[in-house]
Protein chains: 2
Amino acid sequence: MTRVRIDLFASLDGYASSDPTPDNPMGADWGSLTAAYAATRTFRERVLGDTSGAGTTGVDDTYAAAHFEGIGAEIMGAAMFGLHAHPGDPEWQGWWGEQPPFGTPVYVLTHTAPRPAIPMAGGTTFHFRTGAIADVLAEATEAAGGQDVRVGGGVGTARDFLRAGLVDHLHVMIAPVLLGRGGRLWDDLRGLDRTHKVTSEVAESGTIHVTFTR
Amino acid sequence: MTRVRIDLFASLDGYASSDPTPDNPMGADWGSLTAAYAATRTFRERVLGDTSGAGTTGVDDTYAAAHFEGIGAEIMGAAMFGLHAHPGDPEWQGWWGEQPPFGTPVYVLTHTAPRPAIPMAGGTTFHFRTGAIADVLAEATEAAGGQDVRVGGGVGTARDFLRAGLVDHLHVMIAPVLLGRGGRLWDDLRGLDRTHKVTSEVAESGTIHVTFTR
């Protein structure tokens, strides 16, 4: 049975992204949100291609490894793929280099004219879709072949799926920092703790891992 | 050395109080914010006067007991004392009955005309002050005689002290619920994690206890 899964970063005060600057498309605070994840062995291996075995192996790494398990297709927003930062570049292939870490079909939601699919090394193919999120999810679910569909982000796309009641498993890595600015994660999600079972766990890094599962 | 301490409740989405209704002066969501605390043995004993030994004795209770330790004076806002709910009642003595659980001088911040002090059973005396929070804190610190001063709330008063940089220890009990409405705790506190050391711990109840200490 395919589940729809989301992993997100947030600060203790509920900011899931920070305002981009010309020098830093992820925003000045992205590093403090993601530091514990970026320190894990799984991130180093799966995203950076570092097979030396370096990196943390505690609670943060357990969640990081789960992020990559059992995913058959991915959905992401146009901003996460980089269409907003590179609007006029038909050659843009995302931020992840020649071999993106997905290894599955990736459906990029866009309101602009559809682009042809981009097959990449390592099993990733980027598809561009302008339809409703439920329709794109149906297509991704079929492509996932019984595995899970991950909604990769950004936070706006994740919130669209959450508010539409389409998400079976949400995992939030809460960094123990107060940012006071950025994109808000939690607005309009009242009651998610009643439709989903909530767990919380603190990692060695101080990161608070919260999950909502139905 | 007197420290200034605050204990607050919050939801996972950062709401520290809920909008009051005629039937419920603490707001409809107050029960879900405070359920784990209200279940502790310390709360039952110290606030309800239940000496039967009933109540939880885990992590939640450890923090609850710390809340009552070493306090020599208390400061609270007019709303917490009930002046807003009972504006025209010179006989109003707070929500806590004949013997409030403070057992210390309690300084109530008010913008309206000062009232005479109200001595209560059990060592609590309510004083009403219209001055600046730093001045009231100086008076409370002297009254505390080397013990700590607690800023009891509500959230607006707590935030005034936090933003003024007057707080040495903040403890937040984060209930794993999403309220989507109410009084916001975290706004304008960016960087508190840099001036204070942060700890986080999850209780058996699922409550996340976060502390900021300098």
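See the structure above.
Read on for a plain summary of the structure. (Residues numbered from 1 in each chain as written. Chains lettered and ligands numbered in written order. Predicted model: local features only at pLDDT ≥ 70, side-chain atom pairs only at ≥ 80, totals over all residues.)

## A look at the overall build of chain A
The condition that has to hold: Working definition: helices are DSSP H or I runs of at least four residues, strands are E runs of at least two. Numbering for both runs from the N terminus. We compute the radius of gyration from the C-alpha atoms alone; for a globule the expected value is 2.2 Å times N to the 0.38, where N is the number of residues. Residue burial is a threshold on neighbouring C-beta atoms within 10 Å of the residue's own C-beta, all placed from the backbone, with 20 or more meaning buried, 12 or fewer meaning exposed, and counts in between meaning partly exposed. Residues are treated as contacting if the C-beta atoms built from their backbones sit within 7 Å of each other.
When helices and strands are tallied, chain A shows seven helices and eleven strands. Taking 214 residues into account, the globule formula puts the C-alpha radius of gyration at 17 Å, and chain A, at 17 Å, falls close to it. The principal-axis extent of the C-alpha atoms belonging to chain A is close to 45 × 40 × 35 Å. Looking at chain A residue by residue over its 214 residues, the buried ones come to 41%. Partitioning the contacts of chain A with sequence separation of at least 6, the portion at a separation of at least 24 is 64%.

## Description of the sheet that holds strand 11 (residues 208-213) of chain A
Residue and element names in this part refer to chain A. Spelled out, the test is: Any two strands are treated as partners once DSSP identifies two or more bridges connecting them. Here the axes come from fitting lines to C-alpha atoms, over the contacting stretch only for helices, and the angles between their N-to-C directions go from 0 to 180 degrees.
Pairing is mixed across the open sheet formed by nine strands, whose spatial order is 5-6-4-3-7-1-8-11-10. Here the strands that pair on one side only, and so sit at the sheet edges, are strand 5 (118-119) and strand 10 (197-202). Sheet topology note: the strand 10/strand 11 ladder contains six bridges and is antiparallel. Its bridge partner being in strand 11, Thr 199 is matched across the sheet by Thr 211. Packing against the sheet, helix 1 (residues 30-38) makes contact with strand 1 (4-11) and strand 8 (169-175), and its axis sits at approximately 110° to strand 8. Helix 5 (residues 133-144) rests against strand 1, strand 3 (71-77), strand 4 (105-109), strand 6 (125-129) and strand 7 (148-153) of the sheet, and its axis sits at about 155° to strand 3.

## Quick word on the interface of chain B and chain A
Put simply, the rule reads: Charged residues are taken to be Asp, Glu, Lys and Arg, nonpolar residues to be Ala, Val, Leu, Ile, Met, Phe, Trp, Tyr, Cys and Pro, and polar residues to be all remaining types, Gly included.
On the side of chain A, 23 residues touch chain B, which itself brings 23 residues to the contact. For the side of chain B that touches chain A, the element with the highest residue contribution is strand 10 (residues 197-202) of chain B, accounting for four residues. Split into classes, the residues belonging to the side of chain B that touches chain A amount to twelve nonpolar, five polar and six charged.

## Details of the sheet that holds strand 6 (residues 125-129) of chain B
Backbone-to-backbone hydrogen bonds join strands into a sheet, with any given pair of strands oriented parallel or antiparallel. Residues and elements named next belong to chain B. Ordered by their spatial adjacency, nine strands build an open sheet running 5-6-4-3-7-1-8-11-10, and the pairing between neighbours is mixed. Edge positions in the sheet fall to strand 5 (118-119) and strand 10, since each has one partner strand and no second. Strand direction decides the pairing type here: strand 1 (residues 4-11) and strand 8 (residues 169-175), joined by seven bridges, are parallel. If you follow Asp 7 over to strand 8, its bridge partner there is His 171. Of the strands in this sheet, strand 1, strand 3 (71-77), strand 4 (105-109), strand 7 (148-153) and strand 8 touch helix 6 (residues 155-163), which is tilted by about 135° from strand 7.

## Quick look at the relation of the copies chain B and chain A
Put simply, the test is: Copies overlap after least-squares fitting; the atoms used are the C-alpha atoms of residues with pLDDT of at least 70 in both.
In the superposition of chain B on chain A (RMSD 0.0 Å, axial shift 0.0 Å), the rotation amounts to 180°. A rotation of that kind, with that shift, is consistent with a two-fold axis. Comparing contact sets, 100% of the residues at the interface of chain B also lie at the interface in chain A, consistent with an isologous, same-surface contact.

## Some remarks on unusual backbone geometry
Residues and elements named next belong to chain A. For the bond from Gly 153 to Gly 154, the omega torsion is -5°, close enough to zero to count as cis. One can find Gly 154 in the loop between strand 7 and helix 6 (155-163). With a phi close to 65°, Asp 188 is a non-glycine residue in the positive phi region. By the C-beta count within 10 Å, which is 13 here, Asp 188 ends up partly exposed.

## Focus on helix 5 (residues 133-144) of chain B
All names here are of chain B. What counts here: Every helix has an expected span of 1.5 Å times one less than the residues it contains. This arc corresponds to the set of directions leading from the helix axis out to the C-beta atoms.
Taking 1.5 Å as the rise per residue, helix 5 with twelve residues should run 16 Å; its terminal C-alpha atoms sit 16 Å apart, in good agreement. What helix 5 keeps buried is the set Val 136, Leu 137, Ala 140 and Ala 144. Along the long axis of helix 5, the arc covered by the buried residues comes to 100°, so they all point the same way. Residues Ala 134 and Asp 135 are exposed on helix 5 and point more than 90 degrees away from its buried face. Next to the buried residues of helix 5 lie strand 1, strand 3, strand 4, strand 6 and strand 7. The positive-phi residue at the C-terminal boundary of helix 5 is Gly 145, with phi of around 55°.

## A few points about the nonpolar core
Worth spelling out the cut-off: Residues of type Ala, Val, Leu, Ile, Met, Phe, Trp, Tyr and Cys that are buried and joined through C-beta atoms within 7 Å form what is called a nonpolar core.
Counting 105 residues, the largest nonpolar core has Leu 8 and Ile 75 of chain A together with Leu 8 and Ile 75 of chain B as the members making the most contacts within it. Among all residues touching Ile 75 of chain A, those that are not within four sequence positions of it are Tyr 107, Leu 109, Val 136, Leu 137, Ala 140, Val 149, Val 151 and Gly 152 of chain A.

## Focus on the environment of Leu 192 of chain A
Its location among the elements puts Leu 192 of chain A in helix 7 (residues 192-195). C-beta crowding within 10 Å serves as the criterion here: with 22 such atoms nearby, Leu 192 of chain A is assigned to the buried category. For the pair formed by Leu 192 of chain A and Thr 213 of chain A, sequence separation is 21 residues and the distance between their alpha carbons is 9.5 Å. Residues contacting Leu 192 of chain A, with those up to four places away along its chain left out, are Phe 212 of chain A together with Leu 178 of chain B.

## Quick notes on the pairing of strand 3 of chain A
Residue and element names in this part refer to chain A. Burial analysis of strand 3 places five of its seven residues in the buried class, the great majority of the element. Taken together, the five bridges between strand 3 and strand 7 define a ladder with parallel strand orientation. Paired with Glu 74 across the two strands is Arg 150, which belongs to strand 7. Alignment of strand 3 against strand 4, held across four bridges, turns out to be parallel. Bridged to Met 76 within strand 4 is Val 108.

## Things to note about the environment of Ala 121 of chain B
All names here are of chain B. Tracing the backbone through its elements, the reader meets Ala 121 in the loop between strand 5 and strand 6. The exposed category is assigned to Ala 121, around which 10 C-beta atoms lie within 10 Å. The spatial distance from the C-alpha of Ala 121 to the C-alpha of Glu 98 is 6.2 Å, given a sequence separation of 23 residues. Apart from residues no more than four positions distant in its own chain, Ala 121 is found in contact with Glu 98 and Gln 99.

## Some details on helix 6 of chain A
Among all positions of helix 6 of chain A, only Val 155, Thr 157, Ala 158, Arg 159 and Leu 162 of chain A are buried. In the segment just after helix 6 of chain A, Gly 165 of chain A is the residue with positive phi, at about 70°.

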